[in-house]
Amino acid sequence: VALIHNIRLTVNGRPYDVTVRSTDSLLDVLRMQLNITGPKRGCDEGECGCCTVLLDGRAVVACLVWAPLCDGKEVLTVEGLGSPENPHPLQRAFHEHLGTQCGFCTPGMVMAAKALLDQNPTPTREEVVEALAGNLCRCTGYYKIIEAVLAAAYGDGDPRVDSGSRSVFPGLNRYQW
Amino acid sequence: MAAHAADLQASGPVYPPFFGPAPNADLLRPATLDEALGLLAAHGDRAAVMAGGTSLTLAMRRRIEAPEVVVYIGDLAELRFIRTDSDGLHIGPLVTHNQLAASPHVRERAPILARAAAQIAGPAVRNLATVGGNVARGYDLAPPLLALDARLTLRSPRGQRTLPLAEFYLGPAWNALQPDELITDILVPTLFPAQGLNVVRRRKANDFAIAQVAVVLDVDGDGLCRDVRVGIGFGFGVTFPVRATRAEAELRGRRLEQPLIERAAAVLAEESNPPDDGHASAWYRRKVIGVCFERALNQALGRPII
């Protein structure tokens, strides 16, 4: 009988030993046991993409991954990308292009974008839209999120990025407030 | 039952009243196919098979399924392959939707299958969900596979059998799999290159089809239809994917001109059995499936799609 499992998984480069039930999801473990709350519980059904994390480098919805199956695997959440002092280029671009409003979808968006850029560092706008198709945002209308991903890929000032989407006062939007 | 609950049931999908964390289950991880089949034979109806888990997890949270034992087959490397031989294209049941959509073999031989796979759910779900699970449950890969005349190999400790996909679906949420059987191979025979697929869904991503038609054609230079296969499906609902045999008979041996196509579309709408649920009404699905059919057929013929 295997109702309870002792597993070891690596989250953001740090190994953790946890005890889980068979049907616990990876999201349950991250949020409730490890207190890693970047991945959000939106729909808990794989529809909204808010819990997107990288599992061995592939984007997956953590709410549908059974935790015991993550034994020995490597998980990357938004916490593993960068810090407020030293943000990942994607995080900086989301910030400067105002790709976040309430912020609930942002960790999933950033991780889905990370998975895209890892595979394809020079995506077209259509490829960005396709890569983010599984992530719902109820605030922004998506435009600035797409611009942020393009800006992270190509840099500000590139003709593929809408320069108007950049914050007028990026220096005023400090990361720590 | 409270009055408002009855109203909800009249207009939307019928879910059991309780949603919540899935009840715990015994999770077994066989390392070989024979071990997996042995476990399934030992546990019978009390066991469920899991690969990607995207469907089973939700069914358990909604109390639609309550297995005591879950046999995880995702470790069976021998079920994860895409290869071609003289019979056609073999697809392993553990291939994920993203792998299927990206495979050059699939894109070359069965472009409608690759396109269907690329449209299902979102990228992060397609990395988990497997072809075998989609086929077993009769979701959105089934209509293109029906049109491609796919054959399944089913294996149990008692032996092995092959079955045309058209004989696999027996009813809503009911297929020919015995409790101790696993799909071990999905064969897409080498077929006619004229293929078309048209899907209507409410959203472009993360949604089931509300109507879907896949067409595979053998047509000569004069536009005479020598053979045709049409698979239709209505996504996730109280129905199951089928071949549209009466519409096929309407087309076979005739020249594919617009009046005939419209007549066949009407026959297809007539013979289809669309579900009436919260995703779309049966009336709408019946209207739209004929349009899907015309578009899929015109795409297979390389004609412009209006």
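Now for a look at the structure at hand. (Residues numbered from 1 in each chain as written. Chains lettered and ligands numbered in written order. Predicted model: local features only at pLDDT ≥ 70, side-chain atom pairs only at ≥ 80, totals over all residues. Heavy atoms only, no water.)

**With respect to the pairing of strand S13 (residues 225–233) of chain B**
Here's step 1: Summarising burial for S13(B): seven of the nine residues are buried, a large majority.
Here's step 2: Connecting the antiparallel pair strand S12 (residues 211–219) of chain B and S13(B) is a turn made up of five residues, with Gly223(B) showing a positive phi of about 80 degrees. (Buried < 20%, exposed > 50% of the residue type's maximum accessible area, 1.4 Å probe, protein only. Helix = DSSP H or I, 4+ residues; strand = E, 2+ residues; numbered from the N terminus. Pairing = 2+ DSSP bridges.)

**Here's the deal with the pattern of salt bridges**
Here's step 1: Inspection of the entire model under this criterion finds 32 salt bridges over all chains.
Here's step 2: In this structure, the salt-bridge partner of Glu47(A) is Arg203(B), at a minimum N-O distance of 3.4 Å. Remark: Arg203(B) occurs in the loop between strand S11 (194–200) and S12 and Glu47(A) occurs in the loop between helix H1 (26–33) and strand S3 (52–55); the pair is interchain, linking two chains.
Here's step 3: The class for Glu47(A) is partly exposed, based on a relative accessible area of 31%.
Here's step 4: Between Asp277(B) and Arg285(B) there is a salt bridge; the shortest N-O distance is 2.7 Å.
Here's step 5: Connected via shared salt-bridge partners are Asp28(A), Arg41(A), Asp44(A) and Arg61(B). (Salt bridge = Lys/Arg side-chain N within 4 Å of Asp/Glu carboxyl O.)

**So, the sheet that holds strand S14 (residues 242–243) of chain B**
Residue and element names in this part refer to chain B.
Here's step 1: Taken in spatial order, the four strands of this open sheet run S11-S12-S13-S14, and their pairing is antiparallel. Sheet topology places S11 and S14 at the edges, where each strand pairs with a single neighbour.
Here's step 2: Pairing of S11 with S12, which is carried by seven bridges, proceeds in the antiparallel orientation. By the bridge assignment, Gln195 is partnered in S12 with Val216.
Here's step 3: Packing of helix H6 (residues 111–119) onto the sheet brings it into contact with S11 and S12, and relative to S11 it is tilted by some 20 degrees. (Contact = heavy atoms within 4.5 Å. Axes fitted to C-alpha atoms, helices over the stretch in contact; angles between N-to-C directions.)

**Details of the nonpolar core**
Here's step 1: By size, the foremost hydrophobic cluster in this structure holds 99 residues, and its most contacted members are Leu26(A) and Leu113(B).
Here's step 2: Of the residues forming this core, the biggest block, eight residues, is contributed by helix H3 (residues 106–119) of chain A.
Here's step 3: Every residue in contact with Leu113(B), bar those within four places of it in the chain, is listed here: Ile91(B), Leu100(B), Val106(B), Leu141(B), Pro144(B), Leu145(B), Leu148(B) and Val188(B).
Here's step 4: By size, the runner-up hydrophobic cluster in this structure holds 30 residues, among which are Ala211(B), Cys225(B), Leu256(B) and Cys292(B). (Core = buried A, V, L, I, M, F, W, Y, C linked by side-chain atoms within 4.5 Å.)

**Details of a nonpolar patch on the surface**
Here's step 1: On the surface, a nonpolar cluster with roughly 330 Å² of combined accessible area is contributed by Val1(A), Leu3(A) and Ile4(A).
Here's step 2: Structurally, the position occupied by Ile4(A) is in strand S1 (residues 4–11). (Patch = residues over 30% accessible without salt bridge, like charges linked within 9 Å, V, L, I, M, F, W, Y side chains within 5 Å. Areas by Shrake-Rupley, 256 points an atom, 1.4 Å probe, with all protein chains shown as cover.)

**Regarding helix H2 (residues 33–43) of chain B**
Residues and elements named next belong to chain B.
Here's step 1: Considered for burial, the residues of H2 that qualify are Leu33, Ala36, Leu37 and Leu40. With its buried residues spanning 95 degrees around the axis, H2 presents them on a single face. Turned more than 90 degrees from where H2 packs its buried face, Asp34 and Ala42 sit exposed.
Here's step 2: In this structure, the buried residues of H2 make contact with strand S2 (47–50), strand S3 (69–72), strand S6 (151–156) and strand S10 (182–189). (Arc of directions from axis to C-beta.)

**Brief notes about the interface of chain A and chain B**
Here's step 1: Listed by partner, the interface residues are 29 residues for chain A and 32 residues for chain B.
Here's step 2: For the pair chain A and chain B, the summed buried area comes to about 2,400 Å², and 54% of that belongs to carbon and sulfur atoms.
Here's step 3: Considering only the side of chain A, the residues that lose the most area to chain B are Leu64(A), Trp66(A) and Leu69(A), jointly responsible for 27% of the buried surface there.
Here's step 4: At the boundary of chain A and chain B, one finds four salt bridges. (Buried area = accessible area lost by both parts, 1.4 Å probe.)

**Brief notes about the environment of Pro275(B)**
All names here are of chain B.
Here's step 1: Of note, Pro275 is situated in the loop between helix H11 (258–271) and helix H12 (282–300).
Here's step 2: The spacing of Pro275 and Val106 is 169 residues in sequence and 31 Å in space, taken between C-alpha atoms.
Here's step 3: Sequence-distant contacts of Pro275, that is, excluding residues within four places in its chain, are made with Phe234, Val238, Thr239, Ala280, Ser281, Ala282 and Arg285.

Everything listed here is a matter of coordinates, which is why it stays silent on function.
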